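# Topology and contacts: notes
So you can see what is in the structure, the chains are spelled out below.
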Amino acid sequence: MSDPLALVPKDPERQTAKDFKTDQEVRWCPGCGDYAILAAVQGFLPELGLKRENVVFVSGIGCSSRFPYYMNTYGFHSIHGRAPAIATGLASSRPDLSVWVVTGDGDALSIGGNHLIHSLRRNVNLKILLFNNRIYGLTKGQYSPTSEVGKITKSTPLGSLDSPFNPISLAIGAEASFVARTIDSDRKHLQSVLREAATHNGTALVEIYQNCNIFNDDAFAPLKDPQTRDDVTVRLEHGEPIVFGADRDKALRRSASGPLEVVPADSPDILVHDARNPDPSLAFALSRLDSPTFEHTPIGIFRQVERPSYDELMRAQIDEAIAQHGAGDLTALLGSGDTWRID
Amino acid sequence: MTKQVRQLDRVIIRFAGDSGDGMQLTGDRFTQETAAFGNDLSTLPNFPAEIRAPAGTLPGVSSFQLHFADHDILTPGDAPNVLVAMNPAALKANVGDLPRGADLILNTDEFTKRALAKVGYAANPLEDGSLGEYRVHSLPLTSMTVKALEDFDISKKDAERAKNMFALGLLSWLYHRPTDATVRFLEVKFAKKPEIMKANIAAFQAGWNYGETTESFSVSYEVKPATLPPGLYRNISGNMALAFGLIAASVRSGLPLFLGSYPITPASDILHELSKHKRFGVRTFQAEDEIAAVGAALGASFGGALGVTTTSGPGVSLKSETVGLAMATELPLVVIDVQRAGPSTGMPTKTEQADLLQALYGRNGESPVPVVAPSTPSDCFAVAIEAARIAVKYRTPVMLLSDGYLANGSEPWQVPEVDSLPEIEPAFAEAGEEDFQPFKRDPETLARPWAVPGTPGLEHRIGGIEKADGSGNISYDPNNHDLMVRLRQAKIDGIARDIAPLTVDDPSGEARVLVLGWGGTYGAITAAVRRIRAAGGTVAQAHLRHLNPFPANLEEVLHSYDKVVVPEINLGQLALILRGRFLVDVIGYNRVRGLPFKAEELADVIRDVINS
Ligand SMILES: Cc1ncc(C[n+]2csc(CCOP(=O)(O)OP(=O)(O)O)c2C)c(N)n1
Ligand code: SF4
Ligand SMILES: [Mg+2]
């Protein structure tokens, strides 16, 4: 398997979370879920041990997209929705960089939807962190493409009309090779997903449920409330039976008609999670378990399959051309084709 | 039979037929033969946007005009001396451009009742005397080709399709063109289909032999090679010259070339050409849309590449926000707009110069961007390097305005010595700098440091949000914003010190009228000026390569003449700026027909101004 970090220089010094903090004042609202994600990322990066100067965060526009300013790495806060495109040019021309994209549900799925799906199918070496708060935060609370139908906001006083995207289903449909979901409040889980994403060859999409306590507070309450949390969270672990519930008494099984069904954990034929399955249909079925009321919501890695990355293929074509015909010679190029000499 | 050979100093030929008749290929081959022979030349392909418009109709006509001479020429010519028309539609669409006495070579096989009716000919023009003022050569080109290829094991359709090679052979005989290169070309083109290859070569030779033996042509013509400066030459189109110029800029700067592009006529050939040159480390990225194309190019620039994006007008509209970001983050980027007739989809295969205001002003906020424009197909090479030079030196996006005429037109180009090309110094910020400030400017150029990821100690964040002068930290301070807006403007304005002053061609020094152009109208304007001078008139000429900033002496030049004529293929966009900036009452000449100006048309306009 290609290691996407093979060409990224390592720091001989031991790093700590502090190394990744900048002197900039963090300007998210107090209590915003973005703080927890920032701390989790800063806490995780020393584990990779990459030289800080070889790590780049690229973002679009939104509250979430302010993220790069707080990371003591190279950073590019770009324009609304376009971060995957900008990061594609960077990642495909610089194999010595670890390139991360930070985006929001509006940024990635509304204005930037086209770039998102195309980077997923291309499999460029990007690690995309999609902060899903199911709302437009920065523009003060309009509904977003992940808001539930009927969402009452300033722009939809009588309730929103359009069906939301399920980012996981969308990514799987877009041929993504790595698709995961995690949640701002569970640092351990978040970091475990980042660990796999960072070393995945190609585009990794990580949806992070993020609480916007100002415009969409408690959007993920059932997943956070200690009373309900364990009953509704379905933790996906590759190779493990999919068992959940506070008493670990529930499991998943494919019903005769196709969709997944929840059955007692001791039923026969309960599903064992297989994120590496080349066939995406189980991962897709798992993504369809979601419901607006979070009865059972899978978190973890849905899909993690091997596929060459766009940037390594692009590099290989160049290497091949040079190996076959030698490096380009400008004098020869300019004088190529039908030429004639005047004396 | 010995035939008479007559000397000519120049000829204009137009090949016209159905889109499926291979007229572009025929024209292209004739051009290569002519270039190899050593004439000066200039070409004008003209084709429909549809890939296969309905056969035999006026909208389906495709043509290729070539002007060649024993002296230096500037345009594809106003009016053809020779029209090759492969069908009635081609005749009807083009006959209006012919001067009295022109030669008309007609493929009579196609002049059937049905074909005539399709384009509205009530009577057959071959018979009704309506072509009386031309020298008509009625030839059954299709059936002669089929007959010549009788012995080949190919379908009738394939035999008929070779009629363009028959025509090419005939014209090659008529003008004494060398033929080896065309034979070699056909050998390569049809290498995988040997029978078709042999048939096409046979058709080409049959056309030549026909000229030699037929009584329809009693005279053949010689146009002596032009006396061009000594050196190595090749024929080059504008798009090819842009691609070569970009590679040259990459080599001369040591920056890897990254092209982000989305296919669009008439710019796609730059993408196609650059895709072939991976040996130069060129990365070409066909994006999902123009926004991603320019985004990826900018991302590559952020990483230390020479980021380039190529498109046409509608694509520039989509790229505007990212060009604004490049402007605000002060990163190098080359944006090539091969202008076509707009607005909206407009006429994709036709030329225009109407994106000047879009290039200069089509962004939100105060967002000055340098704009350069090549004047001839081969000039595209030098201007591509100039665009890259400015982009890299001043850390700014640069707009390059080519057009459909330059893109597809071609002319001989003296291949430059690599050592004579400008060197471009990226001057990256280097590790080890204490207290690095990403927006601390070079006092002379006002350019900011280009610190690329991977450089230790220079980690920093940039973005479209307003930045504090020096540190680059987010700043909403009113005075800082005012300062930054002015600094960015001053940086671009300052480029005027680093470009050549405008040169004025005013041989007598007594002209009272100046003709000022920009971009692809150079050839037509220069040819018009020569005509006026040849007839004893006095006029000065200047042509702008830099549209932003203008050369420092432009104002002075404008004020040195009583009258300034500005011909543009738009409704007066440069004129608007000149009036606004310099309070000069310039006289515009504006036509937007999707076609280049004709020299005679401009000569008339200029003459009127001189005499008024
Ligand atoms: C071209 C453009 N259109 C609109 C906006 C305004 N805008 C900024 S952020 C945003 C939505 C942000 O929502 P999301 O991506 O979910 O990020 P969040 O703030 O919730 O983290 C919008 C509409 C913009 N900056 N640029
Ligand atoms: S508006 Fe919401 S998402 Fe934005 S910073 Fe405040 S809490 Fe966070
Ligand atoms: Mg949001």
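Calculation rules
- All residue numbers here refer to positions counted from 1 along the written sequence of the relevant chain.
- Chain A is the first chain written and ligand 1 is the first ligand written, with later ones labelled in order.
- Reporting in this predicted model follows two pLDDT cut-offs: at least 70 for local features of residues, and 80 or more for side-chain atom pairs to be given and counted; totals over whole chains, interfaces and linings ignore these cut-offs and use all residues.
- Side-chain descriptors were evaluated using all non-hydrogen atoms of the structure, hydrogens and water having been removed beforehand.
- Helix and strand labels come from DSSP, where a helix needs a run of H or I of at least four residues and a strand needs a run of E of at least two; each type is numbered from the N terminus.
- The globule rule is 2.2 Å times the number of residues to the power 0.38, and the radius of gyration it is compared with is taken over C-alpha atoms.
- Burial status follows relative accessibility: with a 1.4 Å probe on protein chains alone, a residue under 20% of its type maximum counts as buried, one over 50% as exposed, and anything between as partly exposed.
- In this count, Lys and Arg are taken as positive residues and Asp and Glu as negative ones, while His and the chain termini are left out.
- Charge placement uses NZ in Lys and CZ in Arg. For Asp and Glu, CG and CD serve respectively.
- Working rule for contacts: check all heavy atoms of both residues, and any pair within 4.5 Å makes them a contact.
- To be clear on the numbers: accessible area is Shrake-Rupley with a 1.4 Å probe, and residue cover counts the displayed protein chains and nothing else.
- For Na, K and Ca the donor cut-off is 3.2 Å, while for other metals it is 2.8 Å, and in both cases only N, O and S atoms qualify; water is not among them, so sites may look incomplete.
- Any carboxyl oxygen of Asp or Glu that lies within 4 Å of a side-chain nitrogen of Lys or Arg is treated as forming a salt bridge with it.
- Throughout this description, a polar contact denotes any pair of N or O atoms lying within 3.5 Å of each other; where both atoms belong to protein, one of them has to be capable of donating a hydrogen while the other can accept it, and for residues adjacent in sequence the pair is counted only when both atoms sit in side chains.
- Any two strands are treated as partners once DSSP identifies two or more bridges connecting them.
- Note on geometry: axes are C-alpha line fits, over the in-contact stretch for helices, and angles between N-to-C directions span 0 to 180 degrees.
- When describing relative orientation, an angle under 35 degrees is termed roughly parallel and one over 145 degrees roughly antiparallel, while 65 to 115 degrees is termed roughly perpendicular and anything else oblique.
- For any pair of crossing helices, the crossing counts as left-handed if the nearer helix is rotated counterclockwise from the farther one by less than a right angle, and right-handed if it is rotated clockwise.
- Each patch groups residues whose relative accessible area exceeds 30% and which form no salt bridge, using 9 Å between like charges and 5 Å between nonpolar side chains of Val, Leu, Ile, Met, Phe, Trp and Tyr.
- The span expected for a helix works out to 1.5 Å for each residue beyond the first.
- When we say a residue is near a molecule or strand, we mean one of its heavy atoms is within 4 Å of it.
- When residues are sorted by character, Ala, Val, Leu, Ile, Met, Phe, Trp, Tyr, Cys and Pro go into the nonpolar class, Asp, Glu, Lys and Arg into the charged class, and all the rest, Gly among them, into the polar class.
- Defined in terms of a 1.4 Å probe, buried area is the accessible area two parts forfeit on being brought together, summed over both.
- Stacked, tilted and edge-to-face are the three classes assigned to paired rings of Phe, Tyr and Trp, where Trp is represented by its six-membered ring and a pair needs centres within 6.5 Å; plane angles under 30 degrees give stacked, over 60 edge-to-face, the rest tilted.
- Only lysine NZ and arginine CZ atoms are considered, and such an atom sits over a ring when it is within 6 Å of the ring centre and within 35 degrees of the ring normal.

## Side note on the overall build of chain A
Along chain A, the regular secondary structure elements total 11 helices and 12 strands. Computed over C-alpha atoms, the radius of gyration of chain A comes to 22 Å, within 12% of the 20 Å expected from 2.2 N^0.38 for 343 residues, which places it in the range of a compact globule. Each principal axis of the C-alpha distribution contributes one length, and for chain A these read about 90 × 50 × 45 Å. Buried positions account for 57% of the 343 residues belonging to chain A. Between the averaged position of the 34 positive side-chain charges in chain A and that of its 43 negative side-chain charges there is a distance of 4 Å.

## Some remarks on the overall build of chain B
On a plain count of helices and strands, chain B comes out with 20 helices and 22 strands. Each of the 612 residues in chain B was classed as buried or not, and the buried ones make up 62%. A separation threshold of at least 6 residues defines the contact pool for chain B, and within that pool the share at least 24 residues apart is 77%. For chain B, the accessible surface area stands at approximately 23200 Å², while carbon and sulfur atoms represent 51% of it. Of the side chains in chain B, 58 bear a positive and 72 a negative charge, and the two mean positions are spaced by 4 Å.

## Quick word on the coordination of the magnesium ion (ligand 3)
Residues and elements named next belong to chain A. Protein coordination at the magnesium ion (ligand 3) comes from Asp 105 (OD), Asn 133 (OD1) and Ile 135 (O), with a distance range of 2.1 to 2.2 Å. Sequence positions of the donors to the magnesium ion (ligand 3) reduce to the motif D-x27-N-x1-I. Linking Asp 105 in helix α3 (residues 105-111) with Ile 135 in the loop between β4 (127-132) and α5 (167-173), this pair joins segments that are 30 residues apart in sequence. Ile 135 matches Asp 105 in its accessibility class, with the two residues each being buried.

## Structural notes on the side chain of Arg 82 of chain A
Checked against the element boundaries, Arg 82 of chain A lands in the loop between β2 (74-77) and α2 (83-93). Summary of buried charges: Arg 82 of chain A has no salt-bridge partner, and the nearest side chain of opposite charge, Glu 321 of chain B, is 4.4 Å away. Here the side chain of Arg 82 of chain A touches His 115 of chain A through a polar contact of 3.0 Å, side chain to side chain. Setting aside anything within four residues of it in sequence, one finds Arg 82 of chain A in contact with Ile 111 and His 115 of chain A together with Ile 291 and Glu 321 of chain B.

## Some details on the sheet that holds strand β12 (residues 339-342) of chain A
Here 3 strands make up an open sheet; going across it, the order is β12(A)-β9(B)-β16(B) and the pairing antiparallel. Sheet topology places β12 of chain A together with β16 (410-414) of chain B at the edges, where each strand pairs with a single neighbour. Within this sheet the neighbouring strands show an average axis-to-axis angle of 35°, counted without direction. Most of the contacts of helix α1 (residues 23-37) of chain B go to strand β9 (residues 231-237) of chain B, to which it runs at about 160°, and overall it touches β12 of chain A together with β9 and β16 of chain B. Together, β9 and β16 of chain B form the strand contacts of helix α9 (residues 238-253) of chain B, whose direction differs from that of β9 of chain B by roughly 115°.

## Quick notes on the packing of helix α11 (residues 290-302) of chain B against helix α12 (residues 313-329) of chain B
Residue and element names in this part refer to chain B. At a minimum axis distance of 8 Å, the contact between α11 and α12 shows a crossing angle of 30°. In terms of axis orientation, α11 runs roughly parallel to α12. The two elements α11 and α12 meet at a crossing, and its hand is right-handed. Residue-level contacts link Glu 290, Ile 291, Ala 293, Val 294, Gly 295 and Leu 298 of α11 to Gly 315, Leu 318, Lys 319, Thr 322, Leu 325 and Ala 326 of α12.

## Quick notes on a positive patch on the surface
Taken together, Arg 52, Lys 157, Arg 161, Lys 189 and Lys 193 of chain B make up a surface patch of like positive charges. Within the element layout of this structure, Arg 52 of chain B appears in the loop between β3 (40-46) and β4 (61-69).

## As for helix α1 (residues 33-48) of chain A
Residues and elements named next belong to chain A. Here α1 contains 16 residues, and its C-alpha end-to-end distance of 24 Å stays within 8% of the 22 Å for a straight helix at 1.5 Å per residue. Looking only at α1, the buried set comprises Gly 33, Asp 34, Ile 37, Leu 38, Ala 40, Val 41, Gln 42, Phe 44, Leu 45, Pro 46 and Leu 48. Among the residues trailing α1, Gly 49 stands out with phi positive, at a value near 65°.

## Some points on the sheet that holds strand β5 (residues 178-183) of chain A
Spatial ordering of the open sheet is given by β7(A)-β11(A)-β5(A)-β6(A)-β4(A)-β3(A)-β1(A)-β2(A)-β17(B), a layout of 9 strands whose pairing is mixed. At either margin of the open sheet sits one strand with a lone partner, and together these are β7 (233-236) of chain A together with β17 (461-463) of chain B. On average, adjacent strands in this sheet sit at an angle of 20° to one another, irrespective of strand direction. Here 4 bridges tie β5 of chain A to strand β11 (residues 297-304) of chain A, and the two strands are oriented antiparallel to one another. Counted as the bridge partner of Arg 181 of chain A is Gly 300 of chain A from β11 of chain A.

## So, a negative patch on the surface
All names here are of chain B. Together, Glu 417, Asp 419, Glu 423 and Glu 425 line one region of the surface with negative charge. With respect to the secondary-structure elements, Glu 423 resides in the loop between β16 and β17. The exposed category is assigned to Glu 423, whose relative accessible area is 66%.

## Brief notes about the site of ligand 1
All names here are of chain A. Near ligand 1 lie 17 residues; those nearest to it are Cys 63, Ser 64, Asp 105, Gly 106 and Asp 107. One nitrogen or oxygen atom from the main chain of Ile 135 is found 3.1 Å from an oxygen atom belonging to ligand 1. In the environment of ligand 1, an oxygen atom lies 3.0 Å from a nitrogen or oxygen atom belonging to the backbone of Gly 137. Relative to its free-state accessible area of 590 Å², ligand 1 is covered by the protein chains to the extent of 77%. Split into classes, the residues belonging to the shell around ligand 1 amount to 6 nonpolar, 8 polar and 3 charged.

## Quick word on the interface of chain B and chain A
Contact residues are listed per partner, giving 69 residues for chain B and 59 residues for chain A. The three residues of chain B that bury the most area against chain A are Arg 279, Arg 283 and Arg 461 of chain B, which together make up 15% of that side's buried surface. Inspection of the region where chain B meets chain A yields 2 salt bridges. Arg 122 of chain A serves as the salt-bridge partner of Glu 288 of chain B, at 2.6 Å between the closest nitrogen and oxygen. The tally of links between chain B and chain A comes to 27 residue pairs in polar contact (both at pLDDT 80 or more). With 8 residues, the top contributor of residues to the side of chain B that touches chain A is α11 of chain B.

## Focus on unusual backbone geometry
All names here are of chain B. Residue Thr 265 is joined to Pro 266 through a cis peptide bond whose omega torsion reads 0°. The backbone of Arg 395 sits at a positive phi, close to 50°, despite the residue not being glycine. In this fold, Arg 395 is placed in the loop between α14 (379-394) and β15 (397-403). Classification of Arg 395 by relative accessible area gives buried; the value is 6%. Positive phi outside glycine occurs at Ala 427, with the angle close to 45°. Note on Ala 427: relative accessible area 43%, which makes it partly exposed.

## Let's talk about the pattern of salt bridges
Residue and element names in this part refer to chain B. All chains considered together, the criterion is met by 35 salt bridges over all chains. With a closest N to O distance of 3.0 Å, Glu 466 and Arg 488 form a salt bridge. Taken together, the residues span a long stretch of sequence, with Glu 466 in the loop between β17 and α16 (478-494) and Arg 488 in helix α16 at a distance of 22 residues. Each member of the pair Glu 466 and Arg 488 is classed as buried. Look at the salt bridges and you will find they share partners, linking Asp 78, Arg 531, Glu 600, Asp 604 and Arg 607 into a network.

## Some remarks on the packing of helix α17 (residues 522-534) of chain B against helix α20 (residues 599-611) of chain B
Angle between the axes and distance between the axes: these two values describe a pair of packed helices. Residues and elements named next belong to chain B. Axis separation between α17 and α20 bottoms out at 8 Å; the angle between their running directions is 55°. What the angle tells us is that α17 and α20 run oblique. Note that α17 runs across α20; the crossing there is right-handed. Here α17 contributes Ala 524, Ile 525, Ala 527, Ala 528, Val 529, Arg 531 and Ile 532 to the contact with α20, which in turn contributes Ala 599, Glu 600, Leu 602, Ala 603, Ile 606, Arg 607 and Ile 610. Across the contact of α17 with α20, the residue classes tally to 11 nonpolar, no polar and 3 charged.

## Looking at the packing of aromatic side chains
Enumeration according to the criterion identifies 24 aromatic pairs over all chains in this entry. Centroid distance Phe 57 of chain A to Phe 67 of chain A: 5.6 Å. Interplanar angle 40°. Geometry classified as tilted. Of the two residues, Phe 57 of chain A sits in strand β1 (residues 55-59) while Phe 67 of chain A sits in the loop between β1 and β2, which places them 10 residues apart along the sequence. Exposure remark for Phe 57 of chain A: the relative accessible area of 0% places this residue in the buried category. The exposure class assigned to Phe 67 of chain A is buried, which follows from its relative accessible area of 0%. One aromatic cluster in this structure is built from Trp 28, Tyr 35, Phe 57, Phe 67, Tyr 70, Trp 100 and Phe 131 of chain A. Between the NZ or CZ atom of Arg 448 of chain B and the centre of the ring of Phe 439 of chain B, over which it lies, the distance is 4.5 Å.

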